[in-house]
Amino acid sequence: MSEPSIFTRILDGEIPGEIVAETDRVFAITDINPQAALHVLVIPKSGEYRDVAELAAGDPSLLAEVVDLANRVAAERAGGEFRLIFNTGAGAGQTVFHVHAHVLAGDLQEKSLVG
Ligand code: 5GP
């Protein structure tokens, strides 16, 4: 088995992290290196999917739950409009291979990419 990801370790309380919302299968944390006024990561609790393509193929309803929690957090914290980014593959800027959505909102005029 592979090592638990940094996100699994935050979920398990092994390392600090600010969990801002969660459901049975999904949780949201503030990004340690924010790229916008609101920058939250929405993450399936299971680390079995490396990226959004694997997640979409393996459990589309879980992908829908990720989008739903992103929408909820953006509604609660940033007026409901947001950008959703899944870096997919190292060449596209992905550094943590436990699928996660970047939710960005506020102060986005100059920003087009995360990573
Ligand atoms: P990726 O580059 O894989 O798309 O995104 C990984 C994200 O995880 C980055 O935006 C990075 O700032 C964030 N990150 C990395 N380590 C930690 C950590 O220990 N805590 C939190 N809250 N975010 C982290």
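Shown above is the structure to which this text applies.
The structure contained in this document is the topic of the report that follows. (Residues numbered from 1 in each chain as written. Predicted model: local features only at pLDDT ≥ 70, side-chain atom pairs only at ≥ 80, totals over all residues. Heavy atoms only, no water.)

## Notes on the overall build of the protein
Definition in use: Helical segments are the DSSP runs of H or I of at least four residues, strand segments are the runs of E of at least two, and each set is numbered from the N terminus. C-alpha atoms define the radius of gyration, and 2.2 Å times the number of residues to the power 0.38 defines the globule rule. Each residue is assigned to one of three classes by its accessible area relative to the maximum for its type, calculated with a 1.4 Å probe on protein chains only: buried under 20%, partly exposed between the two thresholds, exposed over 50%. Whether two residues are in contact is decided by their heavy atoms, any of which lying within 4.5 Å being enough. Per-residue accessibility takes into account occlusion by the displayed protein chains alone, with areas from the Shrake-Rupley method and a 1.4 Å probe.
Helices and strands together make up the secondary structure of the protein, namely 3 helices and 5 strands. Helices and strands appear in the protein in the N-to-C order α-β-β-β-α-α-β-β. For the protein, whose C-alpha radius of gyration is 13 Å, the value lies close to the compact-globule estimate of 13 Å for 115 residues. Projected onto its principal axes, the C-alpha coordinates of the protein cover approximately 40 × 30 × 30 Å. Every one of the 115 residues in the protein was classed for burial, and the buried ones make up 39%. Excluding contacts between residues fewer than 6 apart, the proportion of contacts in the protein whose partners are at least 24 apart in sequence is 50%. Accessible surface, the protein as shown: approximately 6400 Å² in total, 50% of it carbon and sulfur.

## Focus on the pairing of strand E5 (residues 101–105)
Worth spelling out the cut-off: DSSP bridges decide pairing: two strands pair if at least two such bridges lie between them.
In terms of residue burial, E5 counts as a mostly covered element, since 5 of its 5 residues are buried. Across the two faces of E5 the burial is the same, with Ala101, Val103 and Ala105 and His102 and Leu104 all buried. One ladder, built from 3 bridges, connects strand E4 (residues 83–85) with E5; its direction is antiparallel. The partner of leucine 84 across the bridge, within E5, is valine 103.

## Describing the site of the ligand
Threshold: The criterion for a residue being near a molecule or strand is simple. One of its heavy atoms has to lie within 4 Å of it. N or O atoms within 3.5 Å of each other form a polar contact, as long as, within protein, one can give a hydrogen and the other can take it, and as long as residues adjacent in sequence are counted only when both atoms are side-chain atoms.
Near the ligand, the surroundings consist of 16 residues, among which Thr30, Asp31, Gly93, Thr95 and His102 are the closest. Measuring from an oxygen atom of the ligand, one finds a backbone N or O atom of glycine 93 at 2.9 Å. Within the backbone of valine 96, an N or O atom sits 3.0 Å from an oxygen atom of the ligand. Alone, the ligand offers 520 Å² of accessible surface; in the complex the protein occludes 84% of this.

## Quick look at the layout of surface pockets
Put simply, the test is: The rule is simple: put a 1 Å grid over the protein atoms alone, call a set of points where a 1.4 Å probe fits but cannot get out a cavity, call an open set with protein on both sides within 12 Å along at least five of seven lines a pocket, and count a residue as lining if it has an atom within 4 Å of a point. Grid points are joined across faces, edges and corners, and a volume is the space filled by probe spheres set on the points. When residue character is reported, Ala, Val, Leu, Ile, Met, Phe, Trp, Tyr, Cys and Pro are called nonpolar, Asp, Glu, Lys and Arg charged, and the others, Gly included, polar.
If you add up the space inside the largest pocket, you get close to 470 Å³. Mapped onto the lining of the largest pocket, the elements with two or more residues apiece are helix H1 (6–11), strand E2 (26–30) and strand E3 (38–44). No other element matches H1, which puts 3 residues into the lining of the largest pocket. Size it by volume and the second largest pocket reaches roughly 200 Å³. Along the wall of the second largest pocket there are 11 residues; nearest its centre are Ser2, Glu3, Pro4, Ser5 and Gly47. Across the lining of the second largest pocket, the residue classes tally to 3 nonpolar, 5 polar and 3 charged.

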